[in-house]
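Coordinate inspection notes
Residue-level listing of the chains:
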Amino acid sequence: MLNNKILRNNCIFWTCYFLYEWLANAAYDSQYESHLLAAALYTPLILAATLFTIYVLIKQYYFKGEKVKFWVGLIVSMLVFGIGRRAINYFIIYQIYTPEWMKMQPFLFAPKIIFEIVGIYLIVALNAMFYFLSAWYEQQRITQALQKDKVEAQLELLKSQVQPHFIFNTLNNIYSLSTQNSPKTSDLIYRLSSLLSYSLYDSRKTIIPLEQEIEYINNYIELEKIRYGERLDIAVNILNDTRHLGISPFLLLPLVENCFKHGVSNEIDTCWIRLDVLVKDDWLIIKAENSKSSNGKHNGTRNGIGLENVKKRLDILYDGRHEFKCIDEGQTFLAVLKIKMTAHEDQVPVGGR
């Protein structure tokens, strides 16, 4: 596709140049026949000079850092093509149409050769400029494609860090219940199956309904609550209508997981977790707060998983339109996430897309 486009553009350019060399010059003296012959001879010569300069000197020498060979080759080729055009004029054009001019100047007349070189290399320079612009545009396109692939690969890596870690914890919980022949085991297996379905299919989407992510978190909470029994007080509060909002999948899970893993799991007595979700002035606000031991150390990361995971994904997905901060107040830990909603995230249909 690209080669065909380049070929077409070159055909148009050189056709226009041929017509200009013929008709524009002939308009001054009405010598259409002589200028037609000159244009027919000049055009292939200048085309050869252009191709040699771009595809040999620039591509083979200049782009590869061999600047000395480039400049030596350029100077020699300018002399060769300049003398070549002088030969066309002197031995063909003058010979046929103005033989008296051959007596006025010798063939190797320096001012004339310089004039011919300038005429040729103005066109060569114009083509070289187009070539550099085209090469720059193509490099930008490749860079953007590589950057996009890199970002997508990084996002997939961050997602994959969340899922195995979560599944490992959940299976441990189910295993613990199964050893006690608990009737809740089948329900937990069903919830885990739903979560795995979510992980395999919905996590591949760019945006999912926020309520679907919250449902996923609720299933996660039910699986985790088995470990804590009555000593855990947990509340998920949706403070206004968020059904129309979308969010990147697996973005909120680390916040809730962090509350369990590095907060209430270290407490022996009564503990609590509170998750608030609200929308205010086009900002989606999520607050995840948990109790913790006053002398306990709170660490939001483990092997790159946790709050650091959230920060990295936010920088990729919501660059320039998010706020994320953590507040450690001794006996409580609060993570606040704010995301500025865009039009396409504010109109996500129920069921995803």
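Residues numbered from 1 in each chain as written. Predicted model: local features only at pLDDT ≥ 70, side-chain atom pairs only at ≥ 80, totals over all residues. Heavy atoms only, no water.

**Some thoughts on the packing of helix α2 (residues 32–62) against helix α3 (residues 67–97)**
What counts, and what does not: Interaxial angles span 0 to 180 degrees and are taken between N-to-C directions of axes, which are lines fitted to C-alpha atoms, for helices over the stretch in contact. Strands are runs of DSSP state E lasting at least two residues, helices are runs of H or I lasting at least four, and both sets are numbered from the N terminus onward. The scheme is simple: roughly parallel for angles under 35 degrees, roughly antiparallel for over 145, roughly perpendicular for 65 to 115, oblique for anything else. Any residue that is not Ala, Val, Leu, Ile, Met, Phe, Trp, Tyr, Cys, Pro, Asp, Glu, Lys or Arg is counted as polar, Gly included; the first ten are nonpolar and the last four charged.
Remark: α2 packs on α3, axes separated minimally by 10 Å, with the N-to-C direction vectors making an angle of 170°. Taken as axis vectors, α2 and α3 run roughly antiparallel relative to one another. Residues that form the contact of α2 with α3 fall into these classes: 21 nonpolar, 6 polar and 4 charged.

**A few points about the nonpolar core**
The following threshold applies: By convention a nonpolar core is built from buried Ala, Val, Leu, Ile, Met, Phe, Trp, Tyr and Cys residues, the set being connected through side-chain atoms within 4.5 Å. For the exposure calls, accessible area comes from a 1.4 Å probe over protein chains only, and a residue counts as buried if that area is under 20% of its type's maximum, exposed if over 50%, partly exposed in between. Contacts are assigned to residue pairs that have any heavy atoms within 4.5 Å of one another.
Counting residues in hydrophobic clusters, the biggest one holds 45 residues, and the most contacted among them are Leu255 and Phe260. Top element by residues in this core is helix α7 (residues 210–225). It accounts for 7 residues. Contacts of Phe260, omitting those with residues within four sequence positions, involve Tyr220, Ile221, Glu224, Tyr228, Leu232, Ile234, Ser265 and Ile273. Judged by nonpolar contacts, the second largest core, of 24 residues, contains Phe81, Ile88, Ile120 and Val124.

**Quick look at the sheet that holds strand β9 (residues 332–340)**
Pairing between sheet strands relies on hydrogen bonds along the backbone, with the strands arranged either parallel or antiparallel. Threshold: When DSSP finds two or more bridges between a pair of strands, those strands are recorded as paired.
Judged by pairing direction, the sheet is mixed, and its 5 strands sit side by side in the order β2-β4-β5-β9-β8 without closing on themselves. Edge strands, defined here as strands with exactly one partner in the open sheet, are β2 (232–238) and β8 (322–328). For this sheet the average axis-to-axis angle between neighbouring strands, irrespective of direction, equals 5°. As paired strands, β2 and strand β4 (residues 271–280) are joined by 7 bridges and run parallel to one another. Of the residues in β4, the one forming a bridge with Leu232 is Cys271. Strand contacts of α7: β2, β4 and β5 (283–291), with the helix running at about 175° to β2, the strand carrying the most contacts. Of the strands in this sheet, β8 and β9 are in contact with helix α9 (residues 307–317), which crosses β8 at around 160°.

**Description of the pairing of β4**
Sheet topology places β4 next to β5; 8 bridges connect them, and they run antiparallel. Across the sheet, Asp276 pairs through a bridge with Lys287, a residue of β5. With antiparallel pairing between neighbouring strands as the criterion, β4 and β5 make up a hairpin whose turn holds 2 residues, including Asp281 at a positive phi of roughly 55°.

**So, the UniProt feature "transmembrane region" (unreviewed entry) in the protein chain**
Note the cut-off: UniProt positions are given in the numbering used here, feature names are shortened, and annotations may be inferred rather than shown by experiment.
Summarizing the sequence annotation, UniProt attributes the feature "transmembrane region" (unreviewed entry) to residues 36–58, 70–93 and 113–133 in the numbering used throughout. Across residues 70–93 one finds 100% helix and 0% strand; the C-alpha atoms that close the span lie 32 Å apart. With 100% helix and 0% strand, residues 113–133 has end C-alpha atoms that lie 30 Å from one another.

**Section: the side chain of Thr43**
Mapped onto the elements of the fold, Thr43 is located in helix α2. The residues touching Thr43, leaving out its near neighbours within four places in the chain, are Trp14, Tyr17 and Phe18.

**A closer look at unusual backbone geometry**
In this structure, Asp281 is a non-glycine residue whose phi angle is positive, near 55°. Examined against the element boundaries, Asp281 turns out to sit in the loop between β4 and β5. Residue Asp281 is classed as exposed on the basis of its relative accessible area of 62%. One non-glycine residue with positive phi stands out, namely Asp282, at about 70°. Of note, Asp282 is situated in the loop between β4 and β5.

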